[in-house]
There are 2 protein chains.
Amino acid sequence: MKCFRMTLAYEGTRYRGWQKQGNTPDTIQGKLEALLSRLLEQPVEVHGSGRTDAGAHARRQVASFRAETERTAAELLPLIRRYLPEDIGLLELAEAAPRFHARLNCVGKTYVYRVWTGEAPNVFERRLLWQLPGRELDLDRMREAAAPLLGEHDFRAFCSLKRFKKSTVRRLDSITIERLGDETRFTLSGSGFLYNMVRILVGTLVEVGLGERSPGSVGEALASLDRQQAGQTTPAQGLSVWDVRY
Amino acid sequence: MKCFRMTLAYEGTRYRGWQKQGNTPDTIQGKLEALLSRLLEQPVEVHGSGRTDAGAHARRQVASFRAETERTAAELLPLIRRYLPEDIGLLELAEAAPRFHARLNCVGKTYVYRVWTGEAPNVFERRLLWQLPGRELDLDRMREAAAPLLGEHDFRAFCSLKRFKKSTVRRLDSITIERLGDETRFTLSGSGFLYNMVRILVGTLVEVGLGERSPGSVGEALASLDRQQAGQTTPAQGLSVWDVRY
């Protein structure tokens, strides 16, 4: 039995997210499992570093699978690439340690959320951006608001789930907010993220940037542990898994 | 009667090119004329700086139209933007001199053709690139081949039309071939371009870059005035109108 590690890029526009749902082929995981099971002539389970939402993307996502095969990673790579749809790219394939597991071994992740505020729309990257044409985002206000989020906290106020079976404590290592032309880019790195956490964090910060709430209210929302105190969930299409660390 | 000048960006993927074909709404020109005629409550004709092929794009395309209206460009701009589909962006709208005509007044154009040769596919810009995964393009060979194309020539060897009603003489001012990571970008500027000329020029240069033909054969193809001597027509999706000069 060999264990393989895949590094993937995908445009999630036409998928219902990472996680398979029954036997429908419209998830990234479902697509990969169907393809690998067929190519390797055995049932293959694919484990991603984590789920991504319907419509969200990955610049670098890592996934692992095991299979009984004589083939090397170098032999499998072009074969898998040939059959992948054009919105899923296999960047790298390598044989991994026998017990490697993309989710269990993950020690950190970086997500990027891209907001477009140009007066003119961005037609070429429209599937990768949340467009707020002509709106002004105050970067200093957002940075001030983001500061108390850093470090280890219970982030349940920034999670869409209503019931929590597992810990909602995570460590947020950095939030970078930068202006790139007409784009405002949020880069968040941490130990891991709760369901919808990046989209709610960014949604709350954008409300601060637009002047709709005070910078101080973000730290208060965190402390409240109450989803109602945080801001809106931004659209999935602006979100990308940027990097995964092991 | 006012005359307006539009600067447009579009992703041509789902259109049958710029030029209207009967009353079908699946061309850029057809889409714009239908929208402007409805908004301005009069038949509006839109003149582009030139046609673009089915599936080709524009980073900056210029078009003009005339209309009887009290409205200023500043008033019309947000109105038009609101009703344009998300793959056509109105970057600028300005009132122009009464006799301005986007095609007749055009004095020069720049086209860009983008080729991707990374081993791994590019999933995010796949609609904007011609992908030749893992192929090696020799830039020096292509630059050597391109040199005799510069200046004023009869370019009929690089045109898909079989019969020529008008002059096939054009002036090519520059061809820049550069490597940007895994992308090879061809930038061509000139007085104007014949039907499929950029795609055939790039197709011929790529054959040189792949080692399939000699650098000298490109100047020979030009001198032959024979389409059979030139190379293949590259796919439209790698092509963009980059800029138009007046």
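Residues numbered from 1 in each chain as written. Chains lettered and ligands numbered in written order. Predicted model: local features only at pLDDT ≥ 70, side-chain atom pairs only at ≥ 80, totals over all residues. Heavy atoms only, no water.

Re the overall build of chain A
- Counting its secondary structure elements, chain A contains 5 helices and 10 strands.
- In terms of overall size, chain A behaves like a compact globule, its C-alpha atoms giving a radius of gyration of 19 Å where 246 residues would be expected to give roughly 18 Å.
- Structurally, chain A occupies a C-alpha span of about 60 × 40 × 30 Å along its principal axes.
- Counting the 246 residues in chain A, one finds 55% classified as buried.
- For chain A, the exposed surface amounts to about 11400 Å²; the carbon and sulfur share of it is 46%. (Helix = DSSP H or I, 4+ residues; strand = E, 2+ residues; numbered from the N terminus. Rg over C-alpha atoms; globule rule 2.2 N^0.38 Å. Buried < 20%, exposed > 50% of the residue type's maximum accessible area, 1.4 Å probe, protein only. Areas by Shrake-Rupley, 256 points an atom, 1.4 Å probe, with all protein chains shown as cover.)

Some words on the packing of aromatic side chains
- For the coordinates displayed, the defined rule picks out 12 aromatic pairs over all chains.
- With centroids separated by 5.1 Å and ring planes inclined at 65 degrees, the aromatic side chains of Phe100(A) and Tyr246(A) adopt a geometry described as edge-to-face. One end of the pair, Phe100(A), is in the loop between β4 (88–96) and β5 (108–116); the other, Tyr246(A), is in the segment after β10 (239–245), with 146 residues separating them in the sequence.
- Under the relative-accessibility criterion, Phe100(A) is labelled buried at 11%.
- Residue Tyr246(A) is classed as partly exposed on the basis of its relative accessible area, which comes to 31%.
- The positively charged end of Arg38(B) is found above the aromatic ring belonging to Tyr83(B), 5.8 Å away from the centroid. (Phe/Tyr/Trp six-rings, centres within 6.5 Å; stacked < 30°, edge-to-face > 60°. Lys NZ or Arg CZ within 6 Å of the ring centre and 35° of its normal.)

Quick notes on the relation of the copies chain B and chain A
- Once turned by 180 degrees and shifted 0.0 Å along the axis, chain B lies on chain A with an RMSD of 0.0 Å. Accordingly, the operation relating the two chain copies is best matched by a two-fold axis. It is Glu125(B) whose C-alpha, among those of chain B, lies nearest the rotation axis, at 4.2 Å.
- Here 100% of the interface residues in chain B have copies in chain A that are interface residues too; the copies meet face to matching face. (Least-squares fit on C-alpha atoms with pLDDT ≥ 70 in both. Contact = heavy atoms within 4.5 Å.)

Remarks on the pattern of salt bridges
All names here are of chain B.
- Tallied over the entire structure, the rule returns 34 salt bridges over all chains.
- Put simply, Arg-199 and Asp-53 hold a salt bridge, and the shortest N to O gap is 2.8 Å. Here Arg-199 is found in helix α4 (residues 197–209), whereas its partner Asp-53 is found in the loop between β2 (46–48) and β3 (57–67), with 146 residues between them in sequence. (Salt bridge = Lys/Arg side-chain N within 4 Å of Asp/Glu carboxyl O.)

Structural notes on the interface of chain B and chain A
- Across the contact, 21 residues belong to chain B and 21 residues belong to chain A.
- Each partner contributes to the roughly 1600 Å² buried at the junction of chain B and chain A, and carbon and sulfur atoms together form 61% of this total.
- Of all residues in chain B, Val123(B), Phe124(B) and Arg126(B) bury the most surface against chain A, accounting for 35% of the area lost on that side.
- At the junction of chain B with chain A, the criterion picks out 6 salt bridges.
- Between Glu86(B) and Arg126(A) there is a salt bridge, and its shortest N-O distance comes to 3.5 Å. (Buried area = accessible area lost by both parts, 1.4 Å probe.)

As for the domain arrangement of chain A
Residue and element names in this part refer to chain A.
- Examined at the domain level, chain A breaks down into domain 1 (2–95) and domain 2 (108–245).
- Contacts between domain 1 and domain 2 engage 16 residues on the former and 15 residues on the latter.
- Both sides of the domain 1 and domain 2 interface together cover about 1200 Å² of buried area, and 52% of this is carbon and sulfur.
- A salt bridge links Arg-60 to Asp-243; the shortest N-O distance between them is 3.7 Å. (Domains from an automatic or database assignment.)

Some points on unusual backbone geometry
- A positive phi angle is found at Leu225(A), which is not glycine, with a value near 60 degrees.
- Position of Leu225(A) among the secondary structure elements: in the loop between α5 (216–224) and β10.
- Even without being a glycine, Glu41(B) presents a positive backbone phi close to 55 degrees.
- In this structure, Glu41(B) sits in the loop between α1 (28–40) and β2.

Examining a positive patch on the surface
Residue and element names in this part refer to chain A.
- Together, Arg-51, Arg-103, Lys-165 and Lys-166 make up a region of like positive charge exposed at the surface.
- Examined against the element boundaries, Arg-103 turns out to sit in the loop between β4 and β5.
- You can call Arg-103 partly exposed: its relative accessible area is 47%. (Patch = residues over 30% accessible without salt bridge, like charges linked within 9 Å, V, L, I, M, F, W, Y side chains within 5 Å. Lys, Arg positive; Asp, Glu negative; His and termini not counted. Charge placed at Lys NZ, Arg CZ, Asp CG, Glu CD.)

Details of the environment of Val169(A)
All names here are of chain A.
- Structurally, Val-169 is set in strand β8 (residues 169–180).
- Residue classification places Val-169 among the partly exposed positions, given a relative accessible area of 37%.
- In this structure Val-169 touches Glu-152, His-153 and Asp-154, once residues within four positions along its chain are discounted.

What about the side chain of Glu183(B)?
All names here are of chain B.
- Tracing the backbone through its elements, the reader meets Glu-183 in strand β9 (residues 183–190).
- Under the relative-accessibility criterion, Glu-183 is labelled buried at 5%.
- Reaching out from Glu-183, the side chain makes a polar contact with the side chain of Arg-114 at a distance of 2.9 Å.
- Non-local contacts of Glu-183, meaning those with residues more than four positions away in its chain, are made with Arg-114, Val-115, Trp-116, Leu-129 and Glu-178. (Polar contact = N/O pair within 3.5 Å; in protein donor to acceptor, adjacent residues only side chain to side chain.)

Focus: the confidence of the model for chain A
- In the predicted model, chain A carries a mean pLDDT of 96, and 100% of its residues have values of at least 70.
- ipTM for the predicted complex: 0.91, alongside a pTM of 0.92. (pLDDT = per-residue confidence, 0-100.)

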